[in-house]
Each structure stands twice: as C-alpha cells, then as structure tokens.
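Read off the chains here:
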Amino acid sequence: MKTFLSIAKTPGATGSYYYNSFFQALNLDYKYEALQVDTLGGILNTLKAPQVMGVSVTMPFKRQVVTFLDESDASVIDTGSCNTVKVLNGKWVGYNTDLAGVRWVIANLPPNGRVQILGDGAMSLMFQKVLSRKRREFNVYSRTLGNWEDRHTGYEIVINATALGTVSSESPIELS
C-alpha cells in the first residue's frame, strides 16, 4: 500500500479523514496518516520508507526539513521552508505550496492599514518577505522577539502566523 504521511507537532484528524475517504471512494490502494512528531531525526527512517510517496510538513518542521531534501523547487529556495515533499525516483523533492496562498492573501489586503504579523516562524517569514517585496510596512510580534505583550496596539490588519487558533480554541488576539 502506498502511503502519504503528514508530520506535525500537534496533528489534526481532518487530513486523514478527507484523504482516506477520497482514496477509498476512488478505490486507490493508498493511505494518509498524520504523525505526531517531536523531532525530525527520530522519524526519518519512517519517512524514507519505500512505500512513502510523499510527506506533508507543518509547524514547526517547515524550515528543518529543507536540510533533508535531495532537490528543492524555486519556492523552497525563495522561502527557506518546505511544506510538501514528493518522493520521485527515491529522491525527496521539496515544494512550498504555502507561498501561493501567502501571495494571494497579500494581493487581497486593503491598500491602506497597518499590518501586524503574529509569530516569527516559517509562515511569518514568508509573509514578511512578500510584504517587503511589495514595500508594505509591517510589524512582527512573538514571544521569542520579546514583544508579544505589545501586540494589542491598534492594527487594522492582523496576520496570525502562530498555531494559536488552529491547534486550540485560544485566540492570539485575546490572550494577554
């Protein structure tokens, strides 16, 4: 059976449900499995097993996985992060499909308004890079930058690039 894996610090069940339902409906001998991962090094043998056809990568591994790729497309080279690994002829080829979404979001932002980015991980860095290229001003707030407590300072546009709100019902806007 061909396998597609998803790796995350805190995996959800949505991907497994949809992909496995899709595979079953099309009578494909594939399975999709979401794995809870603490470190990439500990899971590499599983990820590189012969039956694995691809890996979906999420936080906090999008930047770390780049060092394990055999080839990278332009989106990975541009962003320094990877969210999709396709196994081609035994080689890991990395893609960053998030970048198209980031570009779309930024293209559809109101032309005026102060932009605040919450978080400083791979998604945040993509937003920062694309906003900078568009010469759009922004501020970044994160715990590691030491300014997280200052994030409630009147922004018209808030981009949440944290796990808050996705892995729990907590809101990064309401938390103090």
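All values derive from a computational prediction rather than experimental measurement. (Residues numbered from 1 in each chain as written. Predicted model: local features only at pLDDT ≥ 70, side-chain atom pairs only at ≥ 80, totals over all residues. Heavy atoms only, no water.)

Caption draft 1: Representation of the nonpolar core in the model. Ile 7, Leu 47, Val 55, Val 85 and Trp 92 are the most contacted members of the largest nonpolar core, which totals 20 residues. Put simply, the parts of the chain that give this core at least two residues each are strand S1 (2-8), helix H2 (44-47), strand S3 (52-57) and strand S5 (84-88). Ignoring sequence-local partners within four residues, the contact set of Trp 92 consists of Leu 44, Leu 47, Lys 48, Val 55, Val 65, Phe 68, Leu 69, Asp 70, Glu 71, Val 85, Lys 86 and Val 87. By size, the runner-up hydrophobic cluster in this structure holds 14 residues, among which are Leu 109, Val 115, Val 140 and Ile 159. (Core = buried A, V, L, I, M, F, W, Y, C linked by side-chain atoms within 4.5 Å. Buried < 20%, exposed > 50% of the residue type's maximum accessible area, 1.4 Å probe, protein only. Helix = DSSP H or I, 4+ residues; strand = E, 2+ residues; numbered from the N terminus. Contact = heavy atoms within 4.5 Å.)

Caption draft 2: Region of interest: the sheet that holds strand S6 (residues 91-95). Here we have six strands laid out as an open sheet, ordered S2-S1-S3-S5-S6-S4, and mixed in their pairing. The open sheet has two edge strands, strand S2 (30-36) and strand S4 (71-72), and neither has a second partner. Of the strand pairs in this sheet, S4 and S6 are connected by two bridges, and their pairing is parallel. Bridge pairing links Ser 72 to Gly 94 in S6. Here helix H1 (residues 14-25) sits on the sheet in contact with S1 and S2, set at roughly 170° to S2. (Pairing = 2+ DSSP bridges. Axes fitted to C-alpha atoms, helices over the stretch in contact; angles between N-to-C directions.)

Caption draft 3: Here's a closer look at the sheet that holds strand S9 (residues 157-160). Reading across the sheet, the three strands line up as S8-S7-S9 and stay open at both edges, with parallel pairing between neighbours. Strands with a single pairing partner mark the edges of an open sheet, and in this sheet they are strand S8 (138-141) and S9. Taking each pair of neighbouring strands and ignoring which way they run, the sheet shows an average axis angle of 20°. One ladder, built from four bridges, connects strand S7 (residues 115-118) with S8; its direction is parallel. Bridged to Leu 118 within S8 is Tyr 141.

Caption draft 4: Examining helix H4 (residues 98-107) more closely. Asp 98, Leu 99, Val 102 and Ile 106 are the residues of H4 that are buried. The buried residues of H4 occupy an angular sector of 100° when the element is viewed end-on, so they sit on one face. Residues Ala 100, Trp 104 and Ala 107 are exposed on H4 and point more than 90 degrees away from its buried face. Buried-residue contacts for H4 involve helix H3 (74-79) and helix H5 (122-133). (Arc of directions from axis to C-beta.)

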